[in-house]
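Reading the structure
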Amino acid sequence: MVTNRIVIIPTYNEKENIEAIVRKVFSLDTPFDILVIEDNSPDGTAAIVKKLQKEFSQLHIIERKGKLGLGTAYIAGFKWALEHNYEYVFEMDADFSHNPEDLVHLYKACSEKGGDMAIGSRYVSGVNVVNWPMGRVLMSYFASKYVRIVTGMKIHDATAGFKCYTKKVLETIDLDKIRFKGYAFQIEMKFTTWKFGFTIIEVPIIFTDRTQGTSKMSGGIFNEAVWGVIKMKLRSFFTKYER
């Protein structure tokens, strides 16, 4: 079945999750293709994906030489999706912290409700996070508050990594000029989309922390976000956003 929707899933050591998440996405009533960006996982994640490719023609993989950062993984995926003419491009984690069934809600926010970007938001309707320690919930929640204050964006979940982009957004943004590599990449993509005047819709989701595999979160990631947001805002004063 030909579809104009593709879900990009970056992986590093996700052997416990990857087959289940692929099968779940392909079981949805709304069809999606999948592109896995595999960063040379030593646990054999790539081999599982390649085995599944024999069963699913709509499953694709880009193998990279090592851990090169979340941002570069998505940029590689975006470029591939544009080359293959997908109209709707999704970001999703491999670990079921994002419910694959919410892909349909993100898609409809763009295809039916006029969104250029749809965000699966943990904070647009309260705090919808399951299985996180309170310290991490507070850090994430106030990080988004901080981003709103510094940037002026009216987005409740600025660090969210569950999103749908329309093709025109990814074509408008100069992907080679996106600077952040870690989770601040998510902030920069939203900020750039907002600065170009695109319509952003937040879709409420329930975020559930992974039960299999290991989290990739670290303190350095938040340092990048804290100081990087200020630099990003300052750079924006000297940048033209025209489309």
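The structure reproduced in this document is the subject of the present report. (Residues numbered from 1 in each chain as written. Predicted model: local features only at pLDDT ≥ 70, side-chain atom pairs only at ≥ 80, totals over all residues. Heavy atoms only, no water.)

Thoughts on the packing of helix α1 (residues 18-26) against helix α2 (residues 45-53)
Between two packed helices, what matters for the description is the angle formed by their axes and the separation of those axes. As a packed pair, α1 and α2 sit with axes 10 Å apart at the nearest point and diverge in direction by 35 degrees. Crossing hand, α1 versus α2: right-handed. Each of I18, E19, V22 and R23 in α1 lies in contact with α2, whose residues at this interface are T45, I48, V49 and L52. Looking at the contact of α1 with α2 residue by residue, the class counts come to five nonpolar, one polar and two charged. (Axes fitted to C-alpha atoms, helices over the stretch in contact; angles between N-to-C directions. Helix = DSSP H or I, 4+ residues; strand = E, 2+ residues; numbered from the N terminus. Left-handed = near helix turned anticlockwise from the far one by under 90°. Contact = heavy atoms within 4.5 Å. Nonpolar A, V, L, I, M, F, W, Y, C, P; charged D, E, K, R; others polar.)

Digging into the packing of aromatic side chains
Scanning the model with the defined rule gives 10 aromatic pairs in all. Each ring, one from W80 and one from Y86, has its centre 6.2 Å from the other, and the planes form 20 degrees; the classification is stacked. Summarising the aromatic geometry, the rings of F191 and W194 are spaced 5.9 Å apart at their centres and angled 40 degrees between planes, so their arrangement reads as tilted. Placement of the pair is F191 and W194 together in helix α7 (residues 184-195), with a separation of three residues, close to one helical turn. One aromatic cluster is present, formed by Y74, F78, Y165 and F185 through successive ring pairs. The positively charged end of R5 is found above the aromatic ring belonging to F32, 5.7 Å away from the centroid. Note that R122 overlies the ring of F207, its terminal NZ or CZ placed 5.4 Å from the centroid. (Phe/Tyr/Trp six-rings, centres within 6.5 Å; stacked < 30°, edge-to-face > 60°. Lys NZ or Arg CZ within 6 Å of the ring centre and 35° of its normal.)

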